[in-house]
There are 2 protein chains.
Amino acid sequence: MEEASTLDNPVGTEKRQRGGRRLRGCHTAPARQPDYRNLRNTFASQPVFSADQVGAIHDTALRILEDLGLKVLLPQARDIFRAAGCLVDDDTMMVRIGRDSVAAALSSAPKSIVARAGIRERDIVLEHGALAFVAGCGCPNVTDLDRGRRTGTLADFEELTRLVQHFDVLHMHGPHVEPQDVDLRFRHYATLRAQLTLSDKLPFIFARGTPQVEDSFEMMRIARGLGEDEFRAGVHCYAIINTNSPRLLDIPMAQGIIDFAKAGQLTVITPFCLAGAMAPITVAGALVLQHAEALAGITLAQLTRPGAPVVYGSFSSNVDMKSGAPAFGTPEHAKATLGAGQLARYLGLPWRAGGGSAANIADAQAANETQFALWGAVLAGATMLVHSAGWLEGGLSLSYEKLITDIEVLQMMAELFSATPGDADAIAFEAIREIQPGGHFFAAEHTMARYRTAFYEPFVADWSNFGNWTAAGGKDATRRANAVWKGVLERDGAPAWAAELGPALDEFIERRKAEGGASPVS
Amino acid sequence: MEEASTLDNPVGTEKRQRGGRRLRGCHTAPARQPDYRNLRNTFASQPVFSADQVGAIHDTALRILEDLGLKVLLPQARDIFRAAGCLVDDDTMMVRIGRDSVAAALSSAPKSIVARAGIRERDIVLEHGALAFVAGCGCPNVTDLDRGRRTGTLADFEELTRLVQHFDVLHMHGPHVEPQDVDLRFRHYATLRAQLTLSDKLPFIFARGTPQVEDSFEMMRIARGLGEDEFRAGVHCYAIINTNSPRLLDIPMAQGIIDFAKAGQLTVITPFCLAGAMAPITVAGALVLQHAEALAGITLAQLTRPGAPVVYGSFSSNVDMKSGAPAFGTPEHAKATLGAGQLARYLGLPWRAGGGSAANIADAQAANETQFALWGAVLAGATMLVHSAGWLEGGLSLSYEKLITDIEVLQMMAELFSATPGDADAIAFEAIREIQPGGHFFAAEHTMARYRTAFYEPFVADWSNFGNWTAAGGKDATRRANAVWKGVLERDGAPAWAAELGPALDEFIERRKAEGGASPVS
C-alpha cells in the first residue's frame with residue numbers, strides 16, 4: 001500500500017534497510033572484477049542516410065578531390081601525389097587526386113590494426129566492432145577545484161598521464177594538455193617520457209615535423225627495446241592529423257602522414273569540419289568535405305607506403321550561428337557522427353569519432369553534451385572516441401573533475417556492452433517461487449550467490465539518501481570527483497618496469513637537448 | 001597551422017569571430033520552428049536477449065501466473081478473475097491465471113491508443129514507434145535554488161503544471177509532486193483542476209479508490225463537455241498502476257484498473273521491480289517478475305472490459321547491494337529497459353519505461369544517470385518515458401532546475417529523430433567549390449539560406465567563451481536553468497479557454513467538498 005501514495009517509489013522502505021543490514025558482514029561471494037579493456041560495441045549501428053545517399057556523399061567527395069583538389073603546402077607531399085599520377089600545380093599548390101588513386105589507397109589500407117602497448121594486455125585492436133576511449137586532448141589549459149583554471153604545465157601532463165593509466169576504460173593516451181612551461185624544442189621529449197615511464201598504454205606523438213617525430217620514434221625504440229626494422233613492423237605509437245578545413249593540408253600534418261607511414265606507425269586522419277564555419281552548414285555537406293579531406297590524407301599515407309596503418313577520422317560538429325562559437329555534443333554533432341559511421345563502414349576502415357562539450361565548467365551542460373556525443377559515437381560504431389572525458393570549452397580546458405565523472409559514464413557504457421544472461425538461472429523461476437507475495441529477495445539464495453557481482457559499482461555516483469548525503473557534507477558529483485582524482489594520484493605508482501625506463505630515455509634526451517633539441521616545423 | 005598546436009581545436013580563431021560579425025544584423029531567412037509534439041523514434045530497437053530468451057521469459061511469466069499466482073487484495077478483482085475461470089483462493093487471496101486468459105487479454109488489448117488532450121494538436125498516439133515524454137512523477141518533495149528542498153505543496157504542483165505545459169517536448173502530465181498541504185479528501189480536486197485550467201495536455205488521475213476516480217471522471221466530463229457515453233468512447237485521462245512487487249496487487253491499484261477499464265480510460269500497468277530487492281537480482285529475473293505482474297494487470301483490465309486501453313509498464317532497475325538503496329540510470333536499469341522493449345514488442349502493446357536518477361542534487365551524476373536512462377528507453381523503443389526530467393533521489397524530490405536541464409536533453413533527442421537531409425542540396429558540392437582552401441563558409445550563399453534553421457538552438461547550454469561567460473557572472477547550467485523556469489512562470493499564461501473552465505469545475509468541487517470530499521481507499 002505504501003507505494004500507492006508515492007508513484008513508482010517505495011519511499012525509504014524498511015525493505016531496503018532490512019536488506020542492507022542483512023547483507024553487511026556477509027562477504028563470501030567473489031568480488032566483482034570487470035574487464036574494461038578491448039571493448040566490443042554490442043549496439044547495432046544506426047544510420048541517418050540511405051545507402052544511396054552514402055554512395056552520393058562518397059562520389060561527391062571523389063569529385064571534389066578530382067575536380068577541385070586540395071591545397072597541399074608540403075612540396076614532398078605534392079611530389080608523392082604527382083609521382084602517382086595526380087594533377088599537381090606547384091604555383092597554386094593545388095593537388096587533384098583521381099578516383100583510381102583513392103581506390104588503390106582504400107584497397108591497401110588495413111581493415112584491422114593491432115597497436116602494441118607497453119605490455120600485451122594493453123594492446124589494442126582497431127577494427128569495426130571494437131571501441132577504444134581516449135580522454136580529452138589538445139587542451140592549452142587545465143582546471144580543477146583546488147587550483148582553478150590555469151595554463152597547462154608538464155606537472156599537469158604527468159598527473160593526467162597517471163590518471164589515464166589508472167582507469168582501464170581509457171585505452172590509449174592523447175595529448176591531454178599542452179605543457180606550456182616546457183620549451184617547444186624540448187616539449188616532445190617531456191611528454192613522451194611521461195607517457196613511457198608513467199604508463200603502459202599506447203602513447204601519442206605530436207606530428208610537428210620530422211625532427212621531433214624522429215626523436216620520438218627513437219625514444220619508442222629505446223623504451224620498447226626494438227631495432228628499426230622491428231619497430232617498423234608493428235604499431236607502437238600514433239598521431240592525430242588534422243587537415244585545415246576546407247581543403248588544406250599544412251606542412252607538419254602532411255609531413256606527419258609521410259613520416260608515420262614510412263615508419264609503419266599509426267595516423268588518425270581527422271578533418272575538423274565545423275558545419276557553418278569551415279564546412280558547409282548541412283550535416284551532409286560537412287561530411288562530404290570531411291570525407292574528401294580524410295580520403296586525401298589516407299591516399300597520401302598509402303602512396304607513401306602501401307599498407308600503412310591509418311584510421312579514418314571524423315570530427316564534424318556545428319557552430320552557434322549567432323556567435324560563430326563551436327558547439328559539441330549537439331544533435332547535429334551526433335548526426336554527423338552517425339553519418340560518418342556509415343561512410344567509414346562504406347570504406348571498411350577503422351575510424352575515430354570526437355566527443356566533448358563547449359561548456360565552461362563541469363556542470364550539467366558539460367555532462368549532458370559529453371554523454372550525448374558518446375552515444376552518437378557508440379551508435380555510429382566508432383572504433384575510437386577522442387575527447388570522451390574531461391573536455392571543456394570545446395577543448396580549451398581539461399577538467400580533472402569532469403575527467404572522473406565522464407570516466408564513470410564510459411564504465412557504465414562498457415558495462416552495457418557486457419552480456420545480459422537470459423538462461424534459466426538468470427530467469428530465476430525458483431527464486432520467485434521461494435519469495436512470498438509482498439516479500440523481498442535480499443536474502444534469497446539466488447541473490448546471495450550473486451550480490452557482489454551483479455551490478456556495476458560506481459565510484460562517483462552517491463546513492464545514499466538525502467539525510468545521509470547531507471550529513472556527509474552534501475558534496476556534489478564534482479566535489480566527490482575531486483576526492484577521487486586526488487586519491488588516485490596519492491596512491492597510484494607507475495608500473496615498476498615503466499618507471500625503470502627513465503635513465504635510458506634520459507640519456508638520449510640529455511644528448512639531444514645538448515644538441516639543441518628539435519623545433520616544431522610550421 | 002594554428003590547429004597543429006592545439007589538437008582538434010581551432011582556438012578562438014578569427015574565422016569564427018569574423019563569421020559571427022558577418023551574420024549579425026542579417027535576419028532575412030525564416031526562423032526555426034521545431035515541432036516536438038508526437039515524436040516518432042527513428043532509432044532501431046536494440047536487444048539484450050535472443051528471441052529464444054524472450055520467449056522463455058514470457059513463458060516463465062505465464063508459468064508464474066498459472067502455477068504460483070498473484071495475491072489480489074480486492075474481492076471484486078478476485079471475482080472478475082474467478083468468473084473468467086482463473087483459480088481463486090479467497091482465504092489466501094491468491095489468484096492463479098491460466099495462459100488462455102492471458103492470451104485472450106493480449107488479443108483484445110489495443111495495439112494503438114489515441115489519447116485526447118484539451119485540443120486536437122495535443123492528442124497523443126500511443127503505439128510502437130511513437131515516443132511521449134513525461135517529467136518526473138510521484139515526488140513528495142520539490143527543490144529549487146531559491147527556496148531549497150521542501151515538502152511539496154499545491155503551489156508547487158501548479159507551477160510544475162505550468163512548466164510542463166510550456167514545453168512541447170513534455171507530452172502529458174503526471175503527478176509531478178504530491179501537494180501535501182491539501183487534505184487527502186480534497187487533493188484530487190485540486191490536482192486535476194490545476195491540470196485542466198492551466199494546461200491543454202493529457203491529464204493524470206491518481207487511482208486511489210472509486211470515489212476519487214469517479215469525482216475525477218466527472219471533472220473530466222465537465223471540462224471536456226462530454227456526456228458519459230462520449231467520455232467512455234475516448235481516452236481523456238490516464239493513471240499509473242504500480243503493482244506491489246513481488247506478486248501483490250493492492251486494493252486501490254486493482255480498483256483503478258477496473259474503474260478505468262469500465263470508463264474506457266487508460267491505465268499504465270507498471271510493476272516496480274528493483275532487482276535484488278523486490279525482484280530477483282538478475283535483469284532477466286526482474287523482467288520475468290515484471291512481465292508476470294504486468295500481464296496480470298492487463299488481464300484484469302481486459303476481463304473487465306475487452307479492448308480497454310492499457311499500456312504495458314516497465315520500471316525495473318537495481319539497488320545498491322551494500323545499502324539496499326535504489327539506483328536509477330545504471331547499466332542494469334538500461335539493460336532491463338532494453339529487455340522490456342523486447343517483451344513489449346513480443347506482445348505488440350504500447351509500453352512505458354522509467355527514467356530518473358538517485359542523485360541528491362542536480363549535479364553531473366544526476367545529469368548522467370537521467371540521460372543514460374533516456375538512451376536506454378529510446379533504444380528500447382519505449383512508447384512513453386516517465387521520470388524523464390527533474391527526478392532526483394529516486395523520486396523523493398523534483399528539482400525545478402533539473403527539470404529544465406533535462407528538457408534540453410529531451411529536445412536534443414527530439415532533434416535527433418528529425419530527418420537528416422542527404423540530397424544534392426545538402427551535399428553542397430557548389431558551396432564547397434565556391435570556398436577556397438583555408439577559407440570559411442560563413443558568408444556562402446548555401447549558409448545564408450539556412451543559418452537560421454540549420455541547428456538546434458539551446459535554451460540552457462551556454463557556448464560563449466570562458467572570458468565572456470566569466471564576465472557574465474560565470475553561471476553554471478543549474479543557475480541558468482533557474483532563470484529559465486522563473487522566466488516561464490513570469491511570462492506564460494494558461495491557455496485562455498482552459499483558464500475559463502475554473503468556474504464550472506469549482507461549482508462541482510465546492511459541492512463535493514461540502515459533501516465531505518472523497519477519502520483515498522487503501
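Scoring rules and cut-offs
- Residues numbered from 1 in each chain as written.
- Chains lettered and ligands numbered in written order.
- Predicted model: local features only at pLDDT ≥ 70, side-chain atom pairs only at ≥ 80, totals over all residues.
- Heavy atoms only, no water.
- UniProt positions renumbered as here; feature names shortened; annotations may be inferred.
- pLDDT = per-residue confidence, 0-100.
- Contact = heavy atoms within 4.5 Å.
- Helix = DSSP H or I, 4+ residues; strand = E, 2+ residues; numbered from the N terminus.
- Buried < 20%, exposed > 50% of the residue type's maximum accessible area, 1.4 Å probe, protein only.
- Polar contact = N/O pair within 3.5 Å; in protein donor to acceptor, adjacent residues only side chain to side chain.
- Pairing = 2+ DSSP bridges.
- Right-handed = clockwise from strand over helix to strand, strands pointing away.
- Least-squares fit on C-alpha atoms with pLDDT ≥ 70 in both.

As annotated in an unreviewed UniProt entry, chain A carries the name Methyltransferase and is attributed to Aquamicrobium soli. According to the UniProt record, the Sequence similarities (unreviewed entry) comment for chain A reads "Belongs to the trimethylamine methyltransferase family."

A.B. asks: Would you mind going over the confidence of the model for chain A with me for this structure?
C.D. replies: In low-pLDDT segments, the atomic positions of the prediction should not be examined closely. Residues and elements named next belong to chain A. Looking at chain A, the pLDDT average stands at 94 and 94% of residues meet or exceed 70. Across residues 1-6, where pLDDT falls below 50, the model places 21 contacts with residues more than four positions away in sequence or in other chains. Predicted confidence is poor over residues 8-27, with pLDDT under 50, and the contacts of this stretch with residues over four places away or in other chains come to 50 contacts. Interface scoring of the predicted complex returns ipTM 0.95; its pTM is 0.95.

A.B. asks: Can you walk me through the side chain of B:Asn242 in this structure?
C.D. replies: Residues and elements named next belong to chain B. The topology assignment puts Asn 242 in the loop between β10 (238-241) and β11 (248-249). Given a relative accessible area of 3%, Asn 242 falls into the buried group. Separated by 3.0 Å, the side chain of Asn 242 and the backbone oxygen of Thr 270 make a polar contact.

A.B. asks: Could you clarify how one ought to interpret the environment of A:Val72 in this entry?
C.D. replies: Residue and element names in this part refer to chain A. Topologically, Val 72 is positioned in strand β2 (residues 70-72). On the accessibility criterion, Val 72 (0% relative accessible area) is buried. Spatially, the C-alpha atom of Val 72 lies 25 Å from that of Ser 216, the residues being 144 residues apart in sequence. Setting aside residues up to four positions removed in sequence, Val 72 forms contacts with Ala 77, Arg 78, Phe 81, Met 93, Val 95 and Leu 249.

A.B. asks: Whenever I open this one, the pairing of strand β17 (residues 351-354) of chain A confuses me. Can you help?
C.D. replies: Sheet faces and side chains relate simply in a regular strand, where the side chains alternate between the two faces. Residue and element names in this part refer to chain A. On β17, burial covers both faces: Trp 351 and Ala 353 on one face and Arg 352 and Gly 354 on the other are all buried. Taken together, the three bridges between β17 and strand β18 (residues 384-386) define a ladder with parallel strand orientation. In the strand pairing of β18, Ala 353 is matched with Leu 385. The β-α-β motif built from β17, the intervening helix α13 (residues 364-379) and the parallel element β18 has right-handed crossover chirality.

A.B. asks: Would you mind showing me how to read the sheet that holds strand β13 (residues 272-275) of chain A here?
C.D. replies: Two modes of strand pairing occur in sheets, parallel and antiparallel, and in both the strands are linked by backbone hydrogen bonds. Residues and elements named next belong to chain A. If you walk across this open sheet you meet the three strands as β13-β15-β16, and the pairing is mixed. Only two strands of the sheet have a single neighbouring strand rather than two, namely β13 and β16 (326-327). Note: strand β15 (residues 315-319) against β16, two bridges, orientation antiparallel. Residue pairing for β16: Val 319 is matched across the bridge by Pro 326.

A.B. asks: Could you clarify how one ought to interpret the relation of the copies chain B and chain A in this entry?
C.D. replies: The operation relating the two chain copies consists of a rotation about an axis and a shift along that axis. In the superposition of chain B on chain A (RMSD 0.0 Å, axial shift 0.0 Å), the rotation amounts to 180°. Read as a symmetry element, the transformation amounts to a two-fold axis. For chain B, the minimum C-alpha distance to the rotation axis belongs to B:Ala364 and amounts to 2.6 Å. Mapped onto chain A, 98% of the interface residues of chain B are again interface residues, and the two copies thus contact each other with one and the same surface.

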